[in-house]
Structure formats: C-alpha cells, structure tokens
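Here's the letter readout for the chains.
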Amino acid sequence: MKLLLINPRFPENFWTFSWVFEHIATDKASLLPPLGLATLAALTPADWQITIVDENIEEIDFDFECDLVGVCGMAVQYPRQKEILQRFRDKGRHTIAGGSYASLCPEEYTAHADTIIAGEAERVWPAFCRDYLLGVSGVLYQEKDSISLEESPCPRYDLLQLHRYQSISIQFSRGCPFRCEFCDIIVTFGRKPRTKSLAQIETELNTLREQGMTQLFFVDDNLIGHLPKFRELLQFLKEYQARHRYPFIFGAEVSLNLAGYPDLLQAMHEARFHWVFLGIETPHHDTLKDILKTQNTHQDLLTSVQTIHKQGIEVYASFVIGFDNDDASTFERQRQFILDSGIMLASIALLIALPKTPLFERVEREGRLRTQAQNPDLWNNLQGTNIEPIRQSYPELVEGFRKLISDIATDQAIATRITNKLRVLHNRHTQLGLTRWRLTGYALRFFWKGIFKGGPHRWYHVAKTIVQSMRRPKTLAWVAQNWVIGLAIQNFVREFLNHNPNPIMSPTPAQPRKQTLSDPDLITEIPLKR
Ligand code: SF4
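Residues numbered from 1 in each chain as written. Predicted model: local features only at pLDDT ≥ 70, side-chain atom pairs only at ≥ 80, totals over all residues. Heavy atoms only, no water.

Grouped together as the largest cluster of nonpolar side chains are 133 residues, with contacts concentrated most on Trp125, Leu205, Phe218, Phe273 and Ile308. The element contributing the most residues to this core is helix α18 (residues 476–497), with 11 residues. Those residues in contact with phenylalanine 273, other than ones at most four positions away along the chain, are Phe218, Leu223, Leu234, Leu237, Phe250, Gly251, Ala252, Met268 and Ile313. Tyr101, Ala102, Tyr109 and Ile116 belong to the second-largest nonpolar core, a separate cluster that totals 25 residues. (Core = buried A, V, L, I, M, F, W, Y, C linked by side-chain atoms within 4.5 Å. Buried < 20%, exposed > 50% of the residue type's maximum accessible area, 1.4 Å probe, protein only. Helix = DSSP H or I, 4+ residues; strand = E, 2+ residues; numbered from the N terminus. Contact = heavy atoms within 4.5 Å.)

The next subject is the site of the ligand. As a matter of local geometry, the ligand sits amid Cys176, Phe178, Cys180, Cys183, Ile186, Asp221, Lys293 and Gln295. Of the residues in the shell around the ligand, the class split is 5 nonpolar, 1 polar and 2 charged. (Near = heavy atom within 4 Å. Nonpolar A, V, L, I, M, F, W, Y, C, P; charged D, E, K, R; others polar.)

Pairing is parallel in the open sheet, where 6 strands are placed in the order β7-β10-β11-β12-β13-β14. Two strands close off the open sheet at either side, each with one partner strand: β7 (168–170) and β14 (346–350). If you compare each strand with its neighbour and ignore which way they point, the axes differ by 20 degrees on average. Judged from the 3 bridges that link them, β7 and strand β10 (residues 215–218) form a sheet pairing that is parallel. Paired with isoleucine 168 across the strands is leucine 216, a residue of β10. Where helix α14 (residues 394–407) meets the sheet, it contacts β13 (314–321) and β14, and its direction lies at approximately 170 degrees from that of β14. (Pairing = 2+ DSSP bridges. Axes fitted to C-alpha atoms, helices over the stretch in contact; angles between N-to-C directions.)

Its identity as a non-glycine residue notwithstanding, glutamate 281 has a phi of 70 degrees, on the positive side. Locating glutamate 281 in the fold gives a position in strand β12 (residues 273–281). You will see that leucine 292, though not glycine, has its phi angle at about 65 degrees, which is positive. Structurally, the position occupied by leucine 292 is in the loop between α10 (285–290) and α11 (301–310).

Glancing now at the environment of leucine 345. Tracing the sequence through the fold places leucine 345 in the loop between α12 (330–341) and β14. In this structure leucine 345 touches Trp15, Phe17, Tyr316, Ala317, Ile485 and Ile489, once residues within four positions along its chain are discounted.

Within the element layout of this structure, lysine 28 appears in the loop between α1 (18–23) and α2 (35–43). Here lysine 28 is buried and forms no salt bridge, its nearest opposite-charge partner aspartate 27 lying at an N-O distance of 4.5 Å. Within polar-contact distance, the side chain of lysine 28 engages the backbone oxygen of histidine 163 at 3.2 Å. Within the structure, the side chain of lysine 28 is placed 3.4 Å from the backbone oxygen of tyrosine 165, a separation counted as a polar contact. (Lys, Arg positive; Asp, Glu negative; His and termini not counted. Salt bridge = Lys/Arg side-chain N within 4 Å of Asp/Glu carboxyl O. Polar contact = N/O pair within 3.5 Å; in protein donor to acceptor, adjacent residues only side chain to side chain.)

Below, the discussion takes up the pairing of β13. Counted residue by residue, β13 has 8 buried out of 8 residues, so it is predominantly covered. Because side chains alternate across β13, one face comprises the buried residues Glu314, Tyr316, Ser318 and Val320, and the other comprises Val315, Ala317, Phe319 and Ile321, equally buried. As defined by bridge partners, β13 adjoins β14 across 5 bridges and the pair is classed as parallel. Bridge pairing in β14 links phenylalanine 319 to isoleucine 348.

Just distances and angles here, no functional claims.
Structure representation (structure tokens):
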C-alpha cells in the first residue's frame, strides 16, 4: 500500500519568514516540519510505503503513484488543503482530510475528501487503515475521547527533510487548563493536559540528536499546563543536556503565568530554553477578564515579560485586535506596550471567531457574526474578521490594525525594541546552535542584505543598537538575530500586507452563519481499548 501525506503551503503570514529563507538562512526553507504527519506515519502499518511532502519546502507531484493521499491542515491552510484534496480525488486516489481544522469542523470536508480523520489520531488512524485494507473504510473517523499520550509513538522523523527547517517540532503534552474564550485548542484537546513519559521524550531527543538537530520547539499547546509534570520534564532536560554536552536549544509555547515561578524560569534557563512564545493578546485588563484570560491578570503584563527577559529567555508573543472593548485608542496602547516590552516577534492578528468556540457561540447569539465568515481568505486573520466590532466601524478596525503592524515594523521601532530589551535581558546563553561556516554565511548575508542595502537610515538605527550591545559584547549575535526577525516582518508588511487588496472591507451587516452538523450515521465508532 502506498500512502502520500501532504502538508499544504501556508499563505504568506508572520510565520512564513520568507525574507529570511530567501536572503539570510538560504539553506533553510521553512520554520517547522509537519510533526502531525510524522506521527501519523508512525501509526501506519509497518509494511505500507509512506512519503511525506511538505509544500512549504517542495512542490507536490500530482501524478505521484499512490493508493491514498492524506492532507493535513490548520484553519489557515484550509483553502489550499481543499484544492489539493480535490486534485488527487479527480485522479481517483482515496483522499483523507485531517489536521486541526478537520478536527474542529469535519463537516467542512465532506465534499472534498473520501475520509475525514477528526481529533487525535492515535486510535482512529490505525482503525481506518485496518478498514481500508478490508475494503470497508468509512467517511468520518472521529476521536471523541482524549487519548493517553503514552500511546503516541515516536514520530517518523526519518521521513522528513529535517535539515530544511529552522527548528524541529517535538511534543510533550496536549491540552491546556485555561479557558480563553476564543481558543479552539481546548475544544479539540480538552482542558486536562496529558503528557508523554520521559522515556518517550528521551527516545525522541536521541533520534534528533543522532540526526544533528540543534534547535527544538516544544509545540505543546501550553508546555506549563501541567506544572508537576513540567517540573519533572525540566529536571530530566537539565540532566540530559548536561550528559550530552548541551546539544539542544529549546523554545516552547507557554502561558504568561510562567513569570510567577522564578524557580521554573531558572530551571528553564539551565536546560537551555532560549525563548518562549506566549499569548499576551491585549494590555487591556478588563478585556483580559472578559475573554477569560485571567492567567494574564495576576501581575502587571510588562513586569511579567521583563521577569522572563531577566532570566535570559526571550519572549515572543501574540497580540489580538478586535475585542469588544477595543476602540480607536487601542492601537496606540498595543503599539506602546510592544515597544516598551521589546518583543520583536509580536504576532498581531485580528480576532476571529472560530467555529465551535465559546466566542463563536456568543457572537452568533449577539447577531454580530459577519456574512463573510466562510471567506477562505479570512482564516489568514491578517485579512479581516468575521466579528462585527462594537466601538468602531469595521473599516476603522481593519485600517487601524494594518497601521499598527506597519508602525511596529519600521527600522526605528525595531531599534527601540532591541534597546529596551537589552536593558533587562540578562544571563543570555551565547550558544547559537550553528556551525562556524553557517554562522559566517548568515552574518555576511545579513550584513549585505539586511544592513548595507537598507541605506543610511538603517545604518543609523543598527549602529544605535550595536553601541548599546557593546557594553555586553556577548549580546551582539542576539542583536543581529533580532534585526533579522524585525526585518522579516518588515518585508512581510511591505511586500504582502500593504499590497494585498482586502476583499472583505465592506461593512455589510451581519447574518448568522448557518452551521452544518455532521451526520452521526457517517461516524465510525472506534472500539475503545481500556
Ligand atoms: S492559554 Fe493558550 S492554549 Fe490555553 S486556553 Fe488560552 S489560548 Fe488556549
């Protein structure tokens, strides 16, 4: 049996970092490999031939000889995922849709795929493979329970072109205990975090170390979601790193309450966590309470970010525009917070009500769901939103949002953030996880493409940050790294965001979206192994 697994191309967004891969890290092509597909491959019968194609680093061969084609996707990949499914379906392949959006909204795929895998795959995927071999495969294989991650095999990293990615994904847990109103993760994975065993993590680390990987990203929904288990993991990672002479640099998704645990921050620093990505969303205290993001209200937000920076761990964060309290003053508050905190990788997006989330249900109840909810461009939430704003008009919201992104992408704003962060960033490890020749190549290309070609205005701002870092010369490489991130976002704003016609700017009155529910008869029941 021949199985082709595909990760569709992402639309251009903050995370594609096209400028970096085109001009600086030219030996890389994408940020992260599709870990879900590598896990699925490990769950597939051992005698099947499996090929993984990531369209973010290579072209898809639509004439590829195979029996089945599985295409994964997040909401933002949905338009491309549908296209790929359709093309293979037209060629007579058995097509399978999966991924986070198929898990959330399996009903959206009934016209595009022969089979839909919804929810965690550890039990339903083997069940589908078995049925397919028997010629009795169903339409929807849906996991309605939460699986134990100890059932999850080591991903087939050997099927991925690992050297083409900036970082490698690894997963310790699924689920998050919090209840942010807009979050689809807790709808899919639940609020009770489940973890792999330390023995499983050790196997995965050994596999990646043998393949020479150095930068690992814990893609857990919230790595600190289960604090006692996280403490055990940290202790293990500290010992593992010391035993193997620190082969890895780690990053992770966490929640902001991390700042309230100095012992954890210290241990993360010792285990070589260099950065964390967290959801700040808004500096507006009342909004944080309204959206049930109460974990961000325990401490002053700026103090929390600076507490993490003081441990030498860099903060990357998401910010959201379009909450009910947001008005014309919100943009400036967000801009000022981002500059003061020094967060360079500030992913700013419009609030979207994803189906099945509490936010979606509330906005629908209030009659504020926009008719354009199904516009595929919407899922790249830089284009528009499906929520009718309250305190400003829709065009004001979208224009203000775009201006905010442009304002924080200027050379001056990049330099301001670096200098603000340098004042508080201490204990930074200097390890970069790059060989000397690769580092030299990156540095030369950055000097030429990033600095020199930027002209005198850029030279001035870069010089300011270098002068500041001279007081602590070990931070020089880190300053350059921040410039690379800032310039990648600047390029994205200039080349894509500001040139992209916005198809859904018109303030059409809202109409409730008609939701289709999946037909229960289509669902294949999976016998539970207990
Ligand atoms: S902290 Fe993150 S993962 Fe957890 S509920 Fe909130 S948005 Fe979702």
